[in-house]
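Here is what each chain is made of, one letter per residue.
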Amino acid sequence: MTLSSIRKKNPLVHCITNYVVANFTANGLLATGASPVMADEMEEVEEMVSIANGLLINLGTVNVRTLESMMIAGKKANELNIPVVLDPVGVGATKYRQRAIKDILEKVNVQLIRCNMGELATIAEVEWQGRGVDSGNGDMDLPTVAKQVAIKYNCLVAVTGSKDFLTDGYLEYWTVGGHELMTQVTGTGCLLSALSAAALTLEGNPLSNLCELFMDYKRVAELASDHLLLGTFQEEIINSIHLLSRGGKQWTLS
Ligand SMILES: Nc1ncnc2c1ncn2[C@@H]1O[C@H](COP(=O)(O)OP(=O)(O)OP(=O)(O)O)[C@@H](O)[C@H]1O
Ligand SMILES: Cc1ncsc1CCO
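Calculation notes
Residues numbered from 1 in each chain as written. Chains lettered and ligands numbered in written order. Predicted model: local features only at pLDDT ≥ 70, side-chain atom pairs only at ≥ 80, totals over all residues. Heavy atoms only, no water. UniProt positions renumbered as here; feature names shortened; annotations may be inferred. Patch = residues over 30% accessible without salt bridge, like charges linked within 9 Å, V, L, I, M, F, W, Y side chains within 5 Å. Areas by Shrake-Rupley, 256 points an atom, 1.4 Å probe, with all protein chains shown as cover. Salt bridge = Lys/Arg side-chain N within 4 Å of Asp/Glu carboxyl O. Helix = DSSP H or I, 4+ residues; strand = E, 2+ residues; numbered from the N terminus. Axes fitted to C-alpha atoms, helices over the stretch in contact; angles between N-to-C directions. Left-handed = near helix turned anticlockwise from the far one by under 90°. Contact = heavy atoms within 4.5 Å. Nonpolar A, V, L, I, M, F, W, Y, C, P; charged D, E, K, R; others polar. Core = buried A, V, L, I, M, F, W, Y, C linked by side-chain atoms within 4.5 Å. Buried < 20%, exposed > 50% of the residue type's maximum accessible area, 1.4 Å probe, protein only. Near = heavy atom within 4 Å. Polar contact = N/O pair within 3.5 Å; in protein donor to acceptor, adjacent residues only side chain to side chain. 1 Å grid on protein atoms, 1.4 Å probe; cavity = no way out; pocket = protein on both sides within 12 Å on 5 of 7 lines; lining within 4 Å. Sits in = over half its atoms within 2 Å of the grid points. Pairing = 2+ DSSP bridges.

By the naming in an unreviewed UniProt entry, the protein chain goes by Hydroxyethylthiazole kinase and is assigned to Lysinibacillus halotolerans. What UniProt states about the protein chain under its Sequence similarities (unreviewed entry) heading is, verbatim, "Belongs to the Thz kinase family." Comment text from UniProt for the protein chain, heading Catalytic activity (unreviewed entry), reads "5-(2-hydroxyethyl)-4-methylthiazole + ATP = 4-methyl-5-(2-phosphooxyethyl)-thiazole + ADP + H(+)".

Here's what the structure looks like:
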């Protein structure tokens, strides 16, 4: 189980992420025993990523200043062989985001792109009806397009939705299950991207580790949905990550 392996390793994950999900992402990483650090000041990101085990670049509230920080941190991570995960949040929404993602993908070698269907369509330049950060609607042969993107950028691609699809450009994996409440609170995809950065720091086959993580996360959604209360659903996600990463053992004070 990837969540419990992350707990054993306690990787430091440097997150350059959006201000909507930063707190939830930090708590989700902590719940699985990883150490989060959020830092997006360009004067310090090189130094910060140098002490990290993994880097997350999330485009959710990108601006001119943070884009520059993403470039600096990404290039340094490449130099030091630190895995980089790219979450192209809302990339279809504006031309600025499209230019930003092109620039990042040209200059930084990312190990994983984790996105929803709409974001994949934009990266692959496939016609799609997106709206802000929502996945949107359209017609696309997901496996074919995801594999093309993986080959083009020489990286793994994981596309989430009711079923998640993961590929290295050749192998194809699907994970099923979970709960649609995951789309009704903000940041569940962003947190999965951060957890993916933690998973890519583990020994073993990166794609297998990610597949296991995505299955774990579907299970997290199922456990969290026991209560079906939207207001506390984010908290239940954190509780379920905590529980699964501890091999199902409840937390007790010792
Ligand atoms: N209809 C659905 N049924 C079950 N699970 C779903 C459904 N849609 C998405 N999920 C799950 O929700 C999680 C987040 O995926 P989603 O595609 O919503 O990410 P996202 O759009 O990037 O999210 P965000 O931008 O809010 O962080 C994944 O674990 C995915 O499997
Ligand atoms: C709502 C929202 N807007 C920019 S990022 C974000 C959070 C997750 O996508």
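Colleague: Just give me the short version of a nonpolar patch on the surface, but keep the residues and values in it.
Modeller: A surface patch of nonpolar side chains, about 430 Å² in accessible area, is lined by Ile 151, Tyr 170, Leu 171 and Tyr 173. Inspection of the secondary structure puts Tyr 170 in the loop between β9 (164-167) and β10 (172-175).

Colleague: So what about the packing of helix α8 (residues 188-199) against helix α9 (residues 206-224)? Which residues, and what values?
Modeller: Where α8 meets α9, the closest approach of the two axes is 10 Å, and the angle between their N-to-C directions is 145°. Like other packed secondary-structure pairs, α8 and α9 cross with a definite hand, here right-handed. When α8 is examined against α9, the residues Thr 188, Leu 191, Leu 192, Leu 195, Ser 196 and Ala 199 are found in contact with a partner set consisting of Asn 209, Leu 210, Leu 213, Phe 214 and Tyr 217. Its residues assigned to classes, the contact of α8 with α9 comprises eight nonpolar, three polar and no charged.

Colleague: A description of the nonpolar core should follow, citing residues and the corresponding values.
Modeller: Counting 40 residues, the largest nonpolar core has Leu 29, Leu 210, Leu 213, Ile 237 and Ile 241 as the members making the most contacts within it. Per-element tally for this core: the top contributor is α9, with nine residues. Filtering out sequence-adjacent residues up to four positions away, Ile 241 remains in contact with Leu 3, Gly 28, Ala 31, Thr 32, Leu 191, Leu 195, Tyr 217 and Val 220. Counting residues in hydrophobic clusters, the runner-up holds 38 residues, among them Met 70, Ile 104, Ala 146 and Val 159.

Colleague: So what's going on with the site of ligand 1? Residues and values would help.
Modeller: By nearness alone, 17 residues border ligand 1, and Arg 114, Thr 160, Asp 164, Cys 190 and Lys 218 come closest of all. One nitrogen or oxygen atom from the side chain of Asp 164 is found 2.7 Å from an oxygen atom belonging to ligand 1. The separation between an oxygen atom of ligand 1 and a polar main-chain atom of Gly 187 is 3.2 Å. When isolated, ligand 1 has an accessible area of 630 Å², and the protein chains bury 86% of it. In a pocket analysis with a 2 Å cut-off to the grid points, ligand 1 is assigned to the largest pocket. Those elements that place two or more of their residues in the shell around ligand 1 are β5 (112-116), α8 and α9.

Colleague: Describe the pairing of β10, naming the residues involved and giving the relevant values.
Modeller: Both faces of the sheet carry side chains from a regular strand, because those side chains alternate between them. Note that β9 and β10 share four bridges and pair antiparallel. Within the sheet, the bridge partner assigned to Thr 167 lies in β10 and is Glu 172. Between the end of β9 and the start of β10, which pair antiparallel, lie four residues, with Gly 169 showing a positive phi angle near 105°.

Colleague: Explain the site of ligand 2 residue by residue, including any values.
Modeller: Contacts to ligand 2 come from Asn 18, Val 20, Val 21, Gly 60, Val 89, Val 133, Thr 186 and Cys 190. For ligand 2, whose accessible area on its own is 280 Å², the fraction buried by protein is 73%. Judged by the proximity of its atoms to the pocket grid, ligand 2 belongs to the largest pocket. Partitioned by chemical class, the residues of the shell around ligand 2 number five nonpolar, three polar and no charged.

Colleague: Account for the sheet that holds β5, with residues named and values stated.
Modeller: Strand order across the open sheet formed by eight strands is β2-β1-β3-β4-β5-β8-β9-β10, with mixed pairing between neighbours. Two strands close off the open sheet at either side, each with one partner strand: β2 (35-38) and β10. Direction aside, neighbouring strands of the sheet carry axes that sit 20° apart on average. Looking at chain direction, strand β3 (residues 54-58) and strand β4 (residues 84-87) are connected through four bridges and run parallel. Paired with Leu 56 across the two strands is Val 85, which belongs to β4. Along the sheet, helix α7 (residues 142-153) contacts β5, β8 (156-160), β9 and β10; its crossing angle with β9, the most-contacted strand, is approximately 35°.

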